[in-house]
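# Structure assessment
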Amino acid sequence: MPTLATVRLGENDSRYAPGVDPGTVPSPLDLLDLPLTRTALAELTLLAICGGLLGAFVVLRGLAFFAHAVGTATFPAVVVADATGFSATLAGLSAAAAYACGVERAGRSVRDPGDSATGLLLVAALGGGILLASDVFESGAAVDRLLFGTAIGLNGADLALSGAAAALALAATILFGRTWAAVGFDSDAAGALGLPVRRADVLLLGSVALAAVAALPAVGALLVSSLFVVPAAVARLFARDVPALLLGSVAIAACLAVLGLYLSLWLDVPPGPAVAVLGAAAYGMCALLTGLRASTRTPAAGTSW
Amino acid sequence: MTRAPAVEAHGLALGYGGEPALEGVDFEAAPGAALCVLGPNGGGKTTLFRALLGELQPLAGRVRVAGRPAYLAQTERTRLDFPVSALDVALMGSLADGRWWRPPGRSQRHAALAALGRVGLEGQASVRFGELSGGQRQRVLLARALTQDAAVLLLDEPFAGVDPASAERITAVFTELRAEGRTLLVSTHDVESARLFDLVLCLNRRQVAFGTPAQRLGREVLETTYGSDIVVLEGSGDTAVRAITVQHHEH
Ligand SMILES: Nc1ncnc2c1ncn2[C@@H]1O[C@H](COP(=O)(O)OP(=O)(O)O)[C@@H](O)[C@H]1O
Ligand SMILES: [Mg+2]
């Protein structure tokens, strides 16, 4: 059976993984063989660290919708950048930063950044981006790469940005983890404790925005939340405290990322949807499991515990 | 020579834009005093606490609190599905020392465990906060305030919706705190519990009265404070009266 390393580059090559005949089953070890897939593996691992850590606080702070929206908000900007040769990273960063500032400025409790406003923005960003791509720039095939990511077009600069995002996420978790948790638990009380609630919120929004941009090349604008929300949501089903949530979230993100990459190369689909589908399946299974466990447990009738 | 008051307000008016929600507030509480803030729902008790916390800027006048007060909020805004244990919540009080970026140390854990012990929940330290009963949760939140080790404690309707056993325990902790010389401000709309305090401050959108319960809790003051919400059961004039309030719940 041909493997990633041995198949020749030819007319059968997949769109997402050169050197792989679509339909053949690559050995998982092949992920380590080709420089291209090694880069993709490293990229997704860094993103898993970043997404797992920040995702835990995103879920605790009720920012899941924000994390999803900030990725989508970058879409029109990266379409323009892609078509004009401008740096997609800078374009994405500007759009994400502008969106994060808007949410912050909206001045509401961050827990509720205005659902209908966010929904409107999602529709406008997607619609606008597609319109720009198809009618203005005629980007064609680039659209699905921008929306769903790619495993093969990744380079050193992408790795460097993801590395920086992962380092920032780790540092912020160490310094701000307790504060983020306290604010998520009870933001009024956190203010009374003298915690820098506003600064902590700004830092969380900013880190998520940066991390979402770092994730754009690999998982695309539409499915950023597959790494920033889904793993933490799964871990949350089991975690009894915040450290367990952080560890579980990173571990699940890493599993989803590696499996998703493998699936992407094997089935010739972009990594974003592969990770997203796996994540949704994992969440569904775990929710079912915990639901079953809870319903078989005898209710502690009449006891106050 | 008198010591500076632990809490004071002078000519204080507070509001949220529009009509002032509370005005004419003038009082002082010496260190170690226990002050009851009495008034009907909407009377301005929580508003006063928010000003004492520095969250609400006065429209007029001034407030001063010695140090950062510990605060037990009226309505529980906590999230019951949050992955924290009772001990984790009590530990949050130690964040108030201003070094929030540091992981909790051994002495902070000790303080948090001791605080849980004081509210009678040492055995529940590792129980998920959301799995505790309402009264137990209130006691854990009180433990968080105790961990803060503040000289002034602001407790907003701490007995509302709490089971009798928890209420008894909370009362016992208040007695201990007073013995330690801490200043307590406790709000309530229950007239009878107000009699146990050194001082009472009656609020109904403005300050109605301030003084000792024996001096102030007469029929006239109570009727001004509560309006039609009160039923005076016995007594008359300025002598002590028994009264119950008709509660209107906020939504
Ligand atoms: N955030 C707010 N915005 C506007 N008005 C408020 C706000 N909070 C309280 N009020 C008003 O201020 C008044 C006093 O409320 P509050 O201090 O909560 O009373 P209490 O705590 O004694 O029940 C009420 O009329 C209430 O409607
Ligand atoms: Mg109130």
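Each value, and the rule that gives it
Residues numbered from 1 in each chain as written. Chains lettered and ligands numbered in written order. Predicted model: local features only at pLDDT ≥ 70, side-chain atom pairs only at ≥ 80, totals over all residues. Heavy atoms only, no water. Domains from an automatic or database assignment. Contact = heavy atoms within 4.5 Å. Salt bridge = Lys/Arg side-chain N within 4 Å of Asp/Glu carboxyl O. Polar contact = N/O pair within 3.5 Å; in protein donor to acceptor, adjacent residues only side chain to side chain. Helix = DSSP H or I, 4+ residues; strand = E, 2+ residues; numbered from the N terminus. Nonpolar A, V, L, I, M, F, W, Y, C, P; charged D, E, K, R; others polar. Pairing = 2+ DSSP bridges. Axes fitted to C-alpha atoms, helices over the stretch in contact; angles between N-to-C directions.

This next bit is on the domain arrangement of chain B. Residue and element names in this part refer to chain B. By the assigned domains, chain B splits into domain 1 (1–69 + 152–158 + 185–251) and domain 2 (70–149). Opposite the 13 residues of domain 1 that make contact, domain 2 presents 10 residues. Counting across the interface, domain 1 meets domain 2 through zero salt bridges. In this assembly, domain 1 and domain 2 are joined by eight residue pairs in polar contact (both at pLDDT 80 or more). Elements that contribute at least two residues to the side of domain 1 that touches domain 2 include exactly helix H1 (45–52) and strand E6 (152–156). Among the residues making up the side of domain 1 that touches domain 2, the classes are represented as eight nonpolar, one polar and four charged.

Let us look at the sheet that holds strand E4 (residues 60–65) of chain B. Residues and elements named next belong to chain B. Strand order in this open sheet of three strands is E2-E1-E4, and the pairing throughout is antiparallel. On the outer flanks of this sheet lie strand E2 (20–29) and E4, each paired with one strand and no other. Mean inter-strand twist for the sheet, computed between neighbouring axes without regard to direction, equals 20 degrees. Bridge count for strand E1 (residues 7–15) against E2 is six bridges, and the pairing is antiparallel. Along E2, the bridge assignment pairs Ala9 with Phe27.

Residues and elements named next belong to chain B. Taken together, six strands build an open sheet; the order of strands is E5-E6-E7-E3-E8-E9 and the sheet is mixed. The two strands at the open ends of the sheet, each matched to only one other strand, are strand E5 (70–72) and strand E9 (207–211). Pairs of neighbouring strands in the sheet enclose a mean axial angle of 15 degrees, with direction left out of account. Relative to strand E7 (residues 183–188), strand E3 (residues 34–38) runs parallel, the two sharing five bridges. When the bridges of E7 are listed, Leu38 appears paired with Thr188. Each of E3, E5, E6, E7 and strand E8 (199–203) touches H1; the most contacted strand, E7, lies at about 150 degrees to it. Strands E3, E6 and E7 of the sheet are contacted by helix H5 (residues 164–179), whose axis makes an angle of about 150 degrees with E7.

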